[in-house]
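Residues per chain, in single letters:
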Amino acid sequence: MTLYLIVGLPGAGKTTRAKELEVSESALRLTPDDWQRAIFCDDSPTRWRSSERVDHRERIEGKLVEVGMRAAQLGVDVVLDFGLWGRDERSALRSIAASLGIVAQVVYLPIDYAEQRRRVTSRYASEPGQFQMDDTELEGWHGVFQVPDEDELSGAPIPPVPPGHRTWSHWASTRWPSLPEL
Ligand SMILES: Nc1ncnc2c1ncn2[C@@H]1O[C@H](COP(=O)(O)OP(=O)(O)OP(=O)(O)O)[C@@H](O)[C@H]1O
Ligand SMILES: [Mg+2]
């Protein structure tokens, strides 16, 4: 089975692509934004930035990784519509997938700042339930986001586990505290 790792900044078109894969591949789409908005439906549009909500978000993502890996083991293609800004996050998920006999595929959606700003602004105007982001944040995130390299896009061997971690699965259970070691 294939685990699609959707990578990109806000407004890059991740959920749009994830929904296409959901149909074309009959895949299970796991979009943490949907879960966060459903569970914390009374949040203000900027509340998602709070440290408490960031912690909740990581817990939601951890359980979605767990259920996604299980579903792929059971024979379903899975789309993780997460963003996955960090190379280590992608390496960890690729490694866990490989250990479970699942093929991971990084799907990268690049976006420049001007187009991103246009899309996020128009989406927020038409769907006020979306998370609010200001221009300074959007611009700053381009400096934080780690663009996937050719090795990741082609499914080349996964880099070594960072120091202090036994396995990539151990790293992942630290990154996503609700995710057990798989
Ligand atoms: N290829 C595209 N060309 C033009 N507009 C697009 C494209 N893909 C998506 N959009 C539009 O851009 C907006 C953002 O798309 P989408 O919600 O898929 O992005 P996202 O990466 O999931 O964002 P977020 O990280 O905030 O969830 C939407 O209004 C969508 O219709
Ligand atoms: Mg989205």
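See above for the structure.
Attention here is on the structure that accompanies the text. (Residues numbered from 1 in each chain as written. Chains lettered and ligands numbered in written order. Predicted model: local features only at pLDDT ≥ 70, side-chain atom pairs only at ≥ 80, totals over all residues. Heavy atoms only, no water.)

1. Description of the packing of helix α5 (residues 113-126) against helix α6 (residues 135-144)
Link 1 in the chain: The N-to-C vectors of α5 and α6 enclose an angle of 140°; their axes lie 10 Å apart at closest approach. Considered as vectors, α5 and α6 are oriented oblique to each other. Note that α5 runs across α6; the crossing there is right-handed. Residues Y113, Q116, R117 and V120 of α5 form the contact with α6, whose own contacting residues are D135, L138, E139 and H142. (Axes fitted to C-alpha atoms, helices over the stretch in contact; angles between N-to-C directions. Helix = DSSP H or I, 4+ residues; strand = E, 2+ residues; numbered from the N terminus. Parallel < 35°, antiparallel > 145°, perpendicular 65-115°, else oblique. Left-handed = near helix turned anticlockwise from the far one by under 90°. Contact = heavy atoms within 4.5 Å.)

2. Looking at the nonpolar core
Most often, soluble globular proteins have nonpolar side chains that are buried together.
Link 1 in the chain: Judged by nonpolar contacts, the single largest core of 43 residues is most densely connected at L3, M69, L80 and L93.
Link 2 in the chain: Among the secondary structure elements, those contributing two or more residues to this core are β1 (2-7), α1 (14-24), α3 (51-73), β3 (78-83), α4 (87-99), β4 (103-108), α6 and α8 (168-175).
Link 3 in the chain: Per element, the largest residue contribution to this core is six residues, and it comes from α3.
Link 4 in the chain: Setting aside chain neighbours within four positions, we find M69 in contact with L3, L93, I96, A97, L100, I102 and L182. (Core = buried A, V, L, I, M, F, W, Y, C linked by side-chain atoms within 4.5 Å. Buried < 20%, exposed > 50% of the residue type's maximum accessible area, 1.4 Å probe, protein only.)

3. Points about the environment of S91
Link 1 in the chain: Considering the arrangement of structural elements, one finds S91 in helix α4.
Link 2 in the chain: The class for S91 is buried, based on a relative accessible area of 1%.
Link 3 in the chain: Between the C-alpha atom of S91 and that of W168, which follows or precedes it by 77 residues, the distance is 7.5 Å.
Link 4 in the chain: Those residues in contact with S91 that sit more than four places away from it in its chain are I158, P159 and W168.

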